[in-house]
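# Examining the three-dimensional arrangement
Chain by chain, the residues run as shown.
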Amino acid sequence: MTEEKIVDVVVVGAGVSGLTAARRLRQAGHSVLVLEANDRVGGRTLNLDVAPGIITEAGGQWVGPGQDRVLALLDELGLPTFKTYVEGKSIYLRKGRTKLFRGTIPPLNPLVLADYAQMQLRLERMAKTVPLEAPWTAPNARRWDSTTFGQWIDANSLTKEVRLLFKLAFTVTDGEDLHSTSLLVQLTRIAGCGGIDHLVNITGGAQESRVVGGTQLISLRMAEELGDLVVLDSPVSEIRQQDSGVLVSSARVNVRAEQVIVAMAPSDANRIHFSPDLPTRRAMLQRRWCNGTESKLFAIYDRPFWRDKGFSGQAITDLPVANYVVDNSPPDASVGILLTFLGTAGSGYGLHWSDEILDDPEARRTAFLADLCTLFGPEAANPTAYLEKDWTHEPWISGCVSSRPPGVITQYTDADRRPVGRIHWAGTETATINQGYIDGAVSAGERAAQQAGHALAHIPSSVRKQSSWTSA
């Protein structure tokens, strides 16, 4: 028989956002229970074993300056960070020509540099007009939300080279083909992340540091402290609001609570039946929401041999698979790991992958290693292991970083985070600062916990304990 519990707040989803919300509520003295559909915690952070005691991150992995909420949480949890490896020469390969450079900007001719600068200037000027709390009220919101970011790049870049660079940089950060992403969404992210340089840079940017032991440790550490208040393998099937509270039905436990926090991407929350029905704006938002289709590919070596040759491991290219490569080795360099991203939507950075590469894992492996040999020499042909992570095949997560197509922000405005009765929404998608990053997940969890705590504060504890629940 399904177990039944009574708590102040039930949290649906044991990713970084949901567990942060549960942690903050517990610290405020409230009783909580976390329900997770999967057999693990972490959501879209996941550590992959590559060797005994060594991991690489299959999902979200970077933190950087300006991401104050996640950095504060890491300090709380006693989790140190280390800098992404950038020492040495980076590679810029285009049309068969290889150029080496140091720092963040590849060697571009003056015309291309000017084109890049005008694109960045225009985007950041537009982003400054977007109110973070209400981007749908921006002066040009309707126009910007009716086109895709990819279309804007195509129309406003003066050179093919800049078009490639912008699509490459933002497809990696967005996890999706830019022709599927609203321009208004991208402007909001630029405004909320401190500008384009911060979005795309490693040193001084959002990709500056990694967590020792992997970012899934954030969730694992919080779940360890919560103990049996986290219930795994228990997908929620229904959330029923009543005058006296809310009933959350799941596979292993039914929970009666005063408030509920749903810490899931809107598209994933659409799996749950809500009674009474959600408001139209929220219901349609969940149906129209899209998660990104990006995959991560890893080549593992017995050591980071490219460092011996003076390379940083970073490369920007127009090769068939390895368009952007970064050194993902552990802090002690006990093994070498090269990482690239592949957009499973098929068009990604404006390049075109063959059906064979998209559909056949062995073909992808062969093509990826061939690209790495082009970049770093024949030693790249023989990794000790090869790993892939495709988030579209997760059983309870419908993709990686969320994307929003044109029309979603202006039609559904704040439905992503506006409470519905006793239901509050978390997840990095609902953040205003550093949306899409782990930092956004933390701040969204904290905001949802504050909302739920505020609601509880208006209910005397004696009333909460003596609530007369109607039969389900």
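Structural data are supplied above this passage.
All figures in this text were calculated on a predicted structure; none of them were measured in a lab.

What counts, and at which threshold
Residues numbered from 1 in each chain as written. Predicted model: local features only at pLDDT ≥ 70, side-chain atom pairs only at ≥ 80, totals over all residues. Heavy atoms only, no water. Helix = DSSP H or I, 4+ residues; strand = E, 2+ residues; numbered from the N terminus. Buried < 20%, exposed > 50% of the residue type's maximum accessible area, 1.4 Å probe, protein only. Contact = heavy atoms within 4.5 Å. Phe/Tyr/Trp six-rings, centres within 6.5 Å; stacked < 30°, edge-to-face > 60°. Lys NZ or Arg CZ within 6 Å of the ring centre and 35° of its normal. Axes fitted to C-alpha atoms, helices over the stretch in contact; angles between N-to-C directions. Parallel < 35°, antiparallel > 145°, perpendicular 65-115°, else oblique. Left-handed = near helix turned anticlockwise from the far one by under 90°. Nonpolar A, V, L, I, M, F, W, Y, C, P; charged D, E, K, R; others polar.

### Some words on the environment of A426
Along the chain, A426 falls in the loop between β22 (423-425) and α16 (438-457). Here A426 falls in the buried class, since its relative accessible area comes to 2%. Through-space distance from the C-alpha of A426 to that of V401 is 14 Å; in sequence the pair is 25 residues apart. Among all residues touching A426, those that are not within four sequence positions of it are S17, I261, V262, A263, M264, A444, G445 and A448.

### Describing the packing of aromatic side chains
Tallied over the full model, the rule gives 12 aromatic pairs. Plain terms: the ring middles of F149 and F170 are 5.1 Å apart, the flat faces sit at 90° to each other, and that makes the pair edge-to-face. Within this pair, whereas F149 is found in helix α5 (residues 149-156), its partner F170 is found in helix α6 (residues 160-174), the two being separated by 21 residues in sequence. Since its relative accessible area comes to 0%, F149 is described here as buried. Residue classification places F170 among the buried positions, given a relative accessible area of 1%. Plain terms: the ring middles of F166 and F170 are 5.9 Å apart, the flat faces sit at 20° to each other, and that makes the pair stacked. A residue pair is termed a helical-turn pair when its members lie 3 or 4 positions apart in one helix, as F166 and F170 do in helix α6 at 4 residues. Each member of the pair, F166 as well as F170, carries the same accessibility label: buried. Among the aromatic side chains, those forming a connected cluster through ring pairs are Y301, F305, W306, F311 and F376. One Lys or Arg, R282, reaches over the ring of W425 and ends 3.4 Å from the middle of that ring.

### Structural notes on the packing of helix α2 (residues 68-77) against helix α9 (residues 216-226)
Look at α2 against α9: their axes get within 11 Å of each other, and the N-to-C directions meet at 50°. Compared by their axis directions, α2 and α9 come out oblique. Two packed elements cross with a definite hand, and for α2 against α9 that hand is left-handed. Between α2 and α9, the residues in contact are V70, L73, L74 and L77 and I218, R221, M222 and E225, respectively. Tallied by class, residues from the contact of α2 with α9 come to 6 nonpolar, no polar and 2 charged.

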